[in-house]
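# Secondary and tertiary structure notes
Given next are the chains, with one letter for each unit.
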Amino acid sequence: MTPRSSSDLTHIVTAFGEKPNFKIGDEVRVADRSPIGHYRVPRYLRRKHGRIEAVIEPAFVDNEEEGFGRNAGSRRHYYRVAFQMTELWPGYDGSPKDGLRIEVFETWLERVCP
Amino acid sequence: MTHADHETEHHAHDHQHAEVSEPQQPSYYDMLETAIRELLIERKYFGADEIRRQIEVLDSRTPALGAKVVARAWVDPGFRKRLLANGRTACEQDFGISFYDDTELIVLENTDKVHNLIVCTLCSCYPRPVLGLPPDWYKLKPYRARAVSEPRKVLAEFGTIIPDDVEVRVSDSTAVVRYLVLPKRPEGTENFTEDELAGLVTRDTMIGVVEPKLEIRSAEG
């Protein structure tokens with residue numbers, strides 16, 4: 001076993017959810033779930049593919065849990081996610097350049113592997 | 001009483017005004033709100049004065065605040081940079097605008113390539129700390145549904161035609177972020193003071209449904 005250098009002793013381990021899971025440019029898919037009760041992801045986004053445009057700091061309590069008075073330990077990041085209008089609406093009547101931006105909580109995003 | 005009599009007697013108040021009243025039954029939600037409010041006060045979660053104070057907080061926020069922020073961004077490149085980097089801290093530090101609802105503010109800059117529009121499809125999220133209460137149409141389902149699915153048609157109904165080579169970018173506000181559109185400074189305003197510029201910035205320009213104009217054109221032209 002090799003001796004640890006002093007830098008190893010100061011290596012900080014972060015808790016799950018403390019650091020953002022996604023970074024700018026990551027391709028994501030919005031989960032296809034239909035929870036009963038309070039949710040913050042509009043239905044038109046389910047299963048749609050987008051790209052992380054920004055990580056919104058700081059980490060926030062999950063609004064969907066907070067709606068029921070549960071907020072301990074549910075702090076994670078929101079992301080500003082970019083979608084093409086043509087991805088959201090088949091037959092979109094407008095310029096193919098048009099897009100949508102929305103903030104989505106981490107628990108709703110799935111990684112899309114290229 | 002003749003019309004002329006009415007005019008001369010107007011301030012004497014010898015005539016009957018219609019009674020100011022609410023003849024209809026309160027709706028289900030009006031009654032629900034009243035019941036919950038009274039219960040919360042009764043149980044001492046908060047007092048009636050705190051509700052009144054919160055109404056004063058909301059009343060103190062109007063589009064005139066947002067207009068000042070926009071005009072400052074047009075004349076002060078340093079402020080503009082900070083505003084685009086973090087809308088909330090720039091408004092707090094330079095204007096003392098507090099974010100009492102603990103929301104973040106992203107300021108969306110309109111350019112020759114991008115036109116921004118804001119909406120809240122789920123409810124009525126709106127940059128209240130800087131603009132006050134939203135207009136009624138912003139809260140109604142036709143705008144909320146159509147702004148995300150056919151934004152160019154919605155814009156056209158407000159008289160705003162965006163060329164096809166310009167991206168229409170809709171920001172849907174759902175949870176912790178509020179948006180404010182930083183419109184393009186109109187041409188021909190090079191000699192305007194900051195106050196004069198603020199006078200061109202209306203509520204609707206900061207929602208993104210129209211662009212600031214020097215003059216409103218009538219149908220004739």
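Everything below is about the structure printed above this text.
Description of the structure in this document. Small disclaimer: the values here were computed from a predicted structure and weren't measured. (Residues numbered from 1 in each chain as written. Chains lettered and ligands numbered in written order. Predicted model: local features only at pLDDT ≥ 70, side-chain atom pairs only at ≥ 80, totals over all residues.)

The next point concerns the overall build of chain B. Across its full length, chain B holds 12 helices and four strands. In terms of overall size, chain B is more extended than a compact globule, its C-alpha atoms giving a radius of gyration of 22 Å where 221 residues would be expected to give roughly 17 Å. Counting only C-alpha atoms, chain B reaches 60 × 55 × 35 Å along its principal axes. In chain B, of all internal contacts separated by at least 6 residues, the share reaching a separation of at least 24 is 71%. (Helix = DSSP H or I, 4+ residues; strand = E, 2+ residues; numbered from the N terminus. Rg over C-alpha atoms; globule rule 2.2 N^0.38 Å. Contact = placed C-beta atoms within 7 Å.)

Now for the nonpolar core. Side chains of nonpolar character tend, in soluble globular proteins, to be buried together. Of all hydrophobic cores here, the largest spans 60 residues; its most connected members are V104 of chain A together with V70, L117, V119 and L180 of chain B. For this core, the element with the highest residue contribution is helix α4 (residues 63-75) of chain B, accounting for six residues. Excluding residues within four positions of it along the chain, V119 of chain B makes contact with Y143, R144, A147, V148, V170 and D172 of chain B. (Core = buried A, V, L, I, M, F, W, Y, C linked by C-beta atoms within 7 Å. Buried ≥ 20, exposed ≤ 12 C-beta atoms within 10 Å, placed from the backbone.)

Residues and elements named next belong to chain B. The contact between helix α5 (residues 77-85) and helix α6 (residues 87-95) brings their axes to 5 Å, and the two run at 135 degrees. Judged by the angle between their axes, α5 and α6 are oblique. Packed against α5, whose contacting residues are F79, R82 and L83, the element α6 presents G87, A90 and D94 at the interface. For the contact of α5 with α6, the class distribution of residues is three nonpolar, one polar and two charged. (Axes fitted to C-alpha atoms, helices over the stretch in contact; angles between N-to-C directions. Parallel < 35°, antiparallel > 145°, perpendicular 65-115°, else oblique. Nonpolar A, V, L, I, M, F, W, Y, C, P; charged D, E, K, R; others polar.)

Let's shift gears to the packing of α4 of chain B against α5 of chain B. Residues and elements named next belong to chain B. Interhelical geometry of α4 versus α5 gives an angle of 125 degrees and a closest axis separation of 6 Å. Taken together, the axis directions place α4 and α5 in an arrangement best described as oblique. Viewed along their axes, α4 and α5 form a crossing whose handedness is left-handed. Between α4, through V69, R72 and A73, and α5, the contact on the second element is made entirely by F79, R80 and L83. Grouping the amino acids of the contact of α4 with α5 by side-chain chemistry returns four nonpolar, no polar and two charged. (Left-handed = near helix turned anticlockwise from the far one by under 90°.)

All names here are of chain B. Look at helix α2 (residues 28-42): 21 Å from first C-alpha to last across 15 residues, which is about the 21 Å you get at 1.5 Å a residue. The element α2 is largely exposed, with a buried count of zero among its 15 residues. Phi turns positive one or two residues past the end of α2, at K44, with a value near 65 degrees. (Expected span 1.5 Å × (residues − 1).)

This part covers the interface of chain B and chain A. Each partner contributes residues to the interface: chain B has 19 residues there, and chain A has 19 residues. Listing elements by their share of the side of chain B that touches chain A, those giving two or more residues are α9 (141-149), α10 (151-157) and β3 (167-172) of chain B. Of the pairings in the sheet, the one linking strand β4 (residues 99-105) of chain A to β3 of chain B comprises four bridges and is parallel in character. Each residue of the ladder has a partner; that of I102 of chain A, found in β3 of chain B, is D172 of chain B. (Pairing = 2+ DSSP bridges.)

Residue and element names in this part refer to chain B. Where burial is concerned, most of strand β2 (residues 114-119) is hidden: five out of the six residues are buried. Bridge count for β2 against β3 is six bridges, and the pairing is parallel. By the bridge assignment for β3, N116 is matched with R169.

Interpretation in functional terms is not warranted from these geometric data alone.
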